[in-house]
Amino acid sequence: MAIDIHWICDNDSLGQHCAEWQQLPFVALDTEFMRVDTFYPIAGLIQIGDGVRAYLIDPLTIDNWQPLAALLENPAVIKVVHACSEDLEVLLRLTGSLPVPLFDTQLAAAYLNLGFSMGYSRLVQAVLDIELPKGETRSDWLQRPLSETQISYAAEDAVHLAEVYERLRPRLSDDKFAWVLEDGAELVANLRREVDPYEVYRDAKLAWKLSRAQLAVLRELCAWREQQARARDLPRNRIIREHSLWPLAKSQPDNLAALGKIEDMHPRTVRQDGQFLLDLIKRAGSVPADQWPPTVAEPLPVDAAALIKQLRALGQAEAERLDMAPELMLRKKTLEALVKSGYPDGPYQLPDSLRGWRRELMGQALLDSLATAGEQP
């Protein structure tokens, strides 16, 4: 079947089409981008599907994104995406806006128990019985002209995504439809909350093994790395490699030769930023004790695994009752945070990451289960 493809290559055309899309109940939305040597993704193409046609928007020839931003923010038009975390970054970078409300077909498939974390091709095969050609994901989306294969791949994505939505939407109960939108809103909210560079150290590998004085150094190193990655638009590992952070904070080298011997330290980093890093480590290493960060909690001991398994079984039983993918109910990080809050003897506290419908449905049952486990001899 030939796909009806419309190119949008100038500001006026984008403005006119966005005005038309504002009247629709939904639009399907996809992006193609490059992200090899940059911190931020570079948009190569934006695709919109209205259920009939595919519109290909060329970000290399358009500079007024206000009409698309207005469409993204229009609460009356559902924005349909698939596994969209990187698409959201592209749209935020390009337009300054994020799509609301957001309907992720990957999530919808999980709520309908078709499969968890389904790839787009598998979902199209399962729902539409169409076998998509192998992807063009690795191709150069910034080249012009785009190849015929790239164009048809991008257009098919937009058209089939709209068709998948039209098939899945009627199969979702009102509750599940609301939950898909709630999860979509959480994805958007998480992206809006830009990471505080001075909180990044908490997630660094082995941070829990460092003293509070060493954590003060790690905090500065991680914050500087995050800030420089954004400012220079380079991947974080091009600033300092991940595996160098912990030994830097632990051993705190005071000369360039020692710095160069740090595990996984790239010679380019020593050359470009070595002296600055030595000064930063010295400064951070001499902050007074009342400014040290609190210790980072240790990972849960091995014997806590039984408790997590018990809680996961609760979630699986509830997911079975609701006929949805069990992985969707309770995320591993949430269960770990819950158990960490009071292990081994309680009392336990529900973590902030357990929110919305999951908290209402599962919160009390999880706490009751932990209380019962604590009473067992």
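Cut-offs used in this document
- Residues numbered from 1 in each chain as written.
- Predicted model: local features only at pLDDT ≥ 70, side-chain atom pairs only at ≥ 80, totals over all residues.
- Heavy atoms only, no water.
- UniProt positions renumbered as here; feature names shortened; annotations may be inferred.
- Helix = DSSP H or I, 4+ residues; strand = E, 2+ residues; numbered from the N terminus.
- Expected span 1.5 Å × (residues − 1).
- Buried < 20%, exposed > 50% of the residue type's maximum accessible area, 1.4 Å probe, protein only.
- Arc of directions from axis to C-beta.
- Contact = heavy atoms within 4.5 Å.
- Pairing = 2+ DSSP bridges.
- Axes fitted to C-alpha atoms, helices over the stretch in contact; angles between N-to-C directions.

The name given to the chain in an unreviewed UniProt entry is Ribonuclease D, with the source organism recorded as Pseudomonas quebecensis. For the record of the chain, the UniProt heading Function (unreviewed entry) holds the text "Exonuclease involved in the 3' processing of various precursor tRNAs. Initiates hydrolysis at the 3'-terminus of an RNA molecule and releases 5'-mononucleotides." The heading Cofactor (unreviewed entry) in the UniProt record of the chain holds the text "a divalent metal cation".

K.L.:
Looking at this model, I keep getting lost on helix 13 (residues 305-322). Mind explaining?
P.N.:
Side chains three or four residues apart in an α-helix point the same way, a direct result of the helix having 3.6 residues per turn. The first and last C-alpha atoms of helix 13 sit 26 Å apart over 18 residues, in line with the 26 Å expected at 1.5 Å per residue. Every buried residue of helix 13 is accounted for by Leu307, Ile308, Leu311, Gly315, Glu318, Ala319 and Leu322. The buried residues of helix 13 all sit within an arc of 115 degrees when viewed along its axis, so they share a single face. Away from its buried face by more than 90 degrees, helix 13 exposes Ala306, Lys309, Glu320 and Arg321. Looking one or two places after helix 13, you find aspartate 323, whose phi comes out positive at around 55 degrees.

K.L.:
What am I meant to see in helix 3 (residues 85-95) here?
P.N.:
Within helix 3, the full set of buried residues consists of Asp87, Leu88, Val90, Leu91 and Thr95. For helix 3, the angular spread of buried residues about the axis comes to 160 degrees, placing them on one side. On the buried face of helix 3, the contacting elements are strand 2 (26-34), strand 3 (42-49), helix 2 (66-73), strand 6 (102-104) and helix 7 (174-192).

K.L.:
Explain the sheet that holds strand 6 here, please?
P.N.:
Paired through their backbone hydrogen bonds, the strands of a sheet run either parallel or antiparallel. Across the sheet, six strands lie side by side as 1-4-3-2-5-6; this open sheet has mixed pairing. Edge positions in the sheet fall to strand 1 (5-8) and strand 6, since each has one partner strand and no second. Mean inter-strand twist for the sheet, computed between neighbouring axes without regard to direction, equals 30 degrees. As defined by bridge partners, strand 3 adjoins strand 4 (residues 54-57) across four bridges and the pair is classed as antiparallel.

K.L.:
Would you mind going over the pairing of strand 4 with me for this structure?
P.N.:
One face of the sheet, then the other: side chains in a regular strand alternate in exactly this way. Alternating positions in strand 4 separate into two faces, Ala54 and Leu56 on one and Tyr55 and Ile57 on the other, with burial throughout. Between strand 3 and strand 4, which pair antiparallel and follow one another directly, the connecting turn spans four residues, one of which, glycine 51, has a positive phi of 100 degrees.

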